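Listed below are the residues making up each chain.
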Amino acid sequence: MAALTSFIRFSDLNFCNQLSKCLHANFVRFASKKAAPSTRNKSGKVRPKHRGCKKQDGHYVQAGTILVLQRTLRFHPGLNVGFGKNGTLFALEAGRVMVTCEEVGLNWEHTWVQREYEGRENQKFYKKYFNVIPKPQEQRFKLIDKI
């Protein structure tokens, strides 16, 4: 009988432990990481930058037309062509585009030139120049009187 009472007491103790575990089970354990869609399968869908020549040799352009979008100094500005901060070449006057290959006369003070041609100061190189040849003005007016 003593063995039976010790069994009952052990089982009562075990029951109390189970009961306390059940009472503590009301607390919810949250996830340590957020559930999110997978980021591994993201392919590189970068939008293209569309750099390069926009107007070719022989095209007629208006003032302000972009001729070349470039990231590095590949093409140089020539006659009536401006050079933007981001390397864009644009027409300063209306006229016909003419692309020529000439020996480079670089401005070594310019930061773009320093970055691209560093260590090659004594060499000769040839680069493509974009020029805009202005349209000849049409003589439609007559001079009637001088002031």
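Everything below is about the structure shown above.
Report on the accompanying structure.

What counts, and where the lines are drawn
- Residues numbered from 1 in each chain as written.
- Predicted model: local features only at pLDDT ≥ 70, side-chain atom pairs only at ≥ 80, totals over all residues.
- Heavy atoms only, no water.
- Phe/Tyr/Trp six-rings, centres within 6.5 Å; stacked < 30°, edge-to-face > 60°.
- Helix = DSSP H or I, 4+ residues; strand = E, 2+ residues; numbered from the N terminus.
- Buried < 20%, exposed > 50% of the residue type's maximum accessible area, 1.4 Å probe, protein only.
- Pairing = 2+ DSSP bridges.

1. Considerations on the packing of aromatic side chains
Tallied over the entire structure, the rule returns 3 aromatic pairs. Between the aromatic rings of Phe75 and Phe130, the centroid separation amounts to 5.4 Å while the plane-to-plane angle is 85°, which identifies the pairing as edge-to-face. With Phe75 in strand 4 (residues 75–77) and Phe130 in strand 8 (residues 126–134), this residue pair connects regions lying 55 residues apart in the sequence. On the accessibility criterion, Phe75 (8% relative accessible area) is buried. Exposure remark for Phe130: the relative accessible area of 2% places this residue in the buried category. With a centroid separation of 6.5 Å and 80° between ring planes, the pair formed by Trp108 and Tyr117 is classed as edge-to-face.

2. A closer look at the pairing of strand 3 (residues 66–69)
Of the strand pairs in this sheet, strand 1 (residues 52–53) and strand 3 are connected by 2 bridges, and their pairing is antiparallel. Residue pairing in the sheet places Cys53 in a bridge with Val68 of strand 3.

3. Description of the sheet that holds strand 3
Backbone hydrogen bonds are what pair the strands of a sheet, in a parallel or an antiparallel way. Sheet architecture is open: 4 strands sit in the order 1-3-6-5, paired in antiparallel fashion. The outermost strands of the open sheet, each flanked by one partner alone, are strand 1 and strand 5 (81–83). Examined bridge by bridge, strand 3 and strand 6 (residues 89–91) share 2 bridges and lie antiparallel to one another. Paired with Ile66 across the strands is Phe90, a residue of strand 6.

Honestly, it's all geometry; don't read function into it.
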